[in-house]
Amino acid sequence: MTATAIDSGLFRRVLRRHAAAVVVVTAPGDPPTGFTATSFTSVSLDPPLVSFCVAKSASVWPTVRGAGLVAVHVLTAGQEPVARTFAARSADRFAAHAAVGGTWTPGPGGVPILDDVLAVLICEVVNHVEAGDHVIVVASPVHAAHHADSTATPLVYHDGTYTALGR
């Protein structure tokens, strides 16, 4: 028996009920690239693996596809402007980020590291898995750091809006 897939409208409405941490994935390039994602997840503890998804049609996909290293930045509750900047269809999101006072530094292999995030994982890309109109990128963390303030909370996306968790 083959199940019939639900229609895309219902699928979107159901997924809006799922709360997810907001991350920005960056990759080195000329210029570097980055995008906002809510598809980030841990995959395995042994070995450590994470994943995120990117649309095959996204302007960032060619750079991400060729990247050996990427950085995954978990945003703080106060970084909605960063999330919006990297979610925009701008050709140069880093220029837009700088225009609003956002800063970053080049990390290993030139991968851009955004400042003042809740946590960052620098990851070696180990696999690309095609999945419908997206590609699942599987990556192995090679460096990690987190915000010094243990009371900082993540930016969350739920029901079509950015929000924060209460403690």
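These notes cover the structure that comes with them. All of these numbers come straight from a predicted model, not from anything done at the bench.

1. Looking at the overall build of the protein
Alright, step 1. Along the protein, the regular secondary structure elements total 4 helices and 12 strands.
Alright, step 2. The C-alpha radius of gyration of the protein comes to 16 Å, within 12% of the 15 Å expected for a compact globule of 167 residues.
Alright, step 3. Residues classed as buried in the protein amount to 36% of the 167 residues present.
Alright, step 4. Long-range pairs, those at least 24 residues apart, make up 63% of the contacts in the protein between residues at least 6 apart in sequence.
Alright, step 5. Of the roughly 9,400 Å² of accessible surface on the protein, 56% is carried by carbon and sulfur atoms.
Alright, step 6. The positive charge centre, built from 10 side chains, and the negative charge centre, built from 12, are 11 Å apart in the protein.

2. Some thoughts on the sheet that holds strand E9 (residues 119–131)
Alright, step 1. Sheet architecture is open: 7 strands sit in the order E3-E2-E6-E9-E10-E5-E4, paired in antiparallel fashion. Since the sheet does not close on itself, it has two edges, and those belong to strand E3 (33–37) and strand E4 (41–45), each with one partner. Neighbour-to-neighbour, the strand axes of this sheet turn through a mean angle of 35 degrees, independent of strand direction.
Alright, step 2. Bridge count between strand E6 (residues 69–74) and E9: 6 bridges; the pairing is antiparallel.

3. Structural notes on the nonpolar core
Alright, step 1. Counting 22 residues, the largest nonpolar core has Val25, Phe35, Phe52, Val64, Val70 and Val137 as its most contacted members.
Alright, step 2. Residue assignment for this core shows that the elements contributing at least two residues are strand E2 (23–27), E3, strand E5 (48–55), helix H2 (61–66), E6, E9 and strand E10 (134–146).
Alright, step 3. Those residues in contact with Val64 that lie beyond four places of it in its chain are Ala27, Thr33, Phe35, Phe52, His128 and Val137.
Alright, step 4. In terms of nonpolar packing, the next biggest core, distinct from the first, is built from 16 residues, Val82, Ala83, Phe86 and Ile113 among them.

4. Things to note about the pattern of salt bridges
Alright, step 1. Here the structure, examined in full by the defined rule, presents 3 salt bridges.
Alright, step 2. The partner of Arg16 in a salt bridge is Asp159, and the shortest N-O contact between them spans 3.5 Å. Placement of Arg16 in the loop between helix H1 (8–15) and strand E1 (20–21) and of Asp159 in the loop between strand E11 (155–158) and strand E12 (161–164) is noted, with a sequence separation of 143 residues between them.
Alright, step 3. Close ionic contact of Lys56 with Glu130 constitutes a salt bridge, the shortest N to O distance being 2.8 Å.

5. Topic: the environment of Ala55
Alright, step 1. With respect to the element layout, Ala55 can be found in strand E5.
Alright, step 2. On the accessibility criterion, Ala55 (18% relative accessible area) is buried.
Alright, step 3. Along the backbone, Ala55 and Val135 are 80 residues apart, and their C-alpha atoms lie at a distance of 6.3 Å.

6. Here's the deal with the environment of Tyr157
Alright, step 1. By the secondary structure assignment, Tyr157 is in strand E11.
Alright, step 2. In contact with Tyr157, not counting residues within four places along its chain, are His18, Ala19, Ala20, Val22, Thr38 and Tyr162.
Alright, step 3. At 3.5 Å, the side chain of Tyr157 forms a polar contact with the backbone oxygen of Gly160.

7. Section: the side chain of Thr33
Alright, step 1. Secondary-structure assignment places Thr33 in strand E3.
Alright, step 2. A relative accessible area of 12% places Thr33 in the buried class.

8. A word on unusual backbone geometry
Alright, step 1. The amide bond that connects Asp30 to the next residue, Pro31, takes the cis arrangement and shows omega of 5 degrees.
Alright, step 2. Looking at the element boundaries, Pro31 is found in the loop between E2 and E3.
Alright, step 3. Omega for the bond connecting Asp46 with Pro47 falls within 30 degrees of zero, at 5 degrees, which places this linkage in the cis form.
Alright, step 4. With respect to the helices and strands, Pro47 occurs in the loop between E4 and E5.

What counts and what doesn't
- Residues numbered from 1 in each chain as written.
- Predicted model: local features only at pLDDT ≥ 70, side-chain atom pairs only at ≥ 80, totals over all residues.
- Heavy atoms only, no water.
- Helix = DSSP H or I, 4+ residues; strand = E, 2+ residues; numbered from the N terminus.
- Rg over C-alpha atoms; globule rule 2.2 N^0.38 Å.
- Buried < 20%, exposed > 50% of the residue type's maximum accessible area, 1.4 Å probe, protein only.
- Contact = heavy atoms within 4.5 Å.
- Areas by Shrake-Rupley, 256 points an atom, 1.4 Å probe, with all protein chains shown as cover.
- Lys, Arg positive; Asp, Glu negative; His and termini not counted.
- Charge placed at Lys NZ, Arg CZ, Asp CG, Glu CD.
- Pairing = 2+ DSSP bridges.
- Axes fitted to C-alpha atoms, helices over the stretch in contact; angles between N-to-C directions.
- Core = buried A, V, L, I, M, F, W, Y, C linked by side-chain atoms within 4.5 Å.
- Salt bridge = Lys/Arg side-chain N within 4 Å of Asp/Glu carboxyl O.
- Polar contact = N/O pair within 3.5 Å; in protein donor to acceptor, adjacent residues only side chain to side chain.

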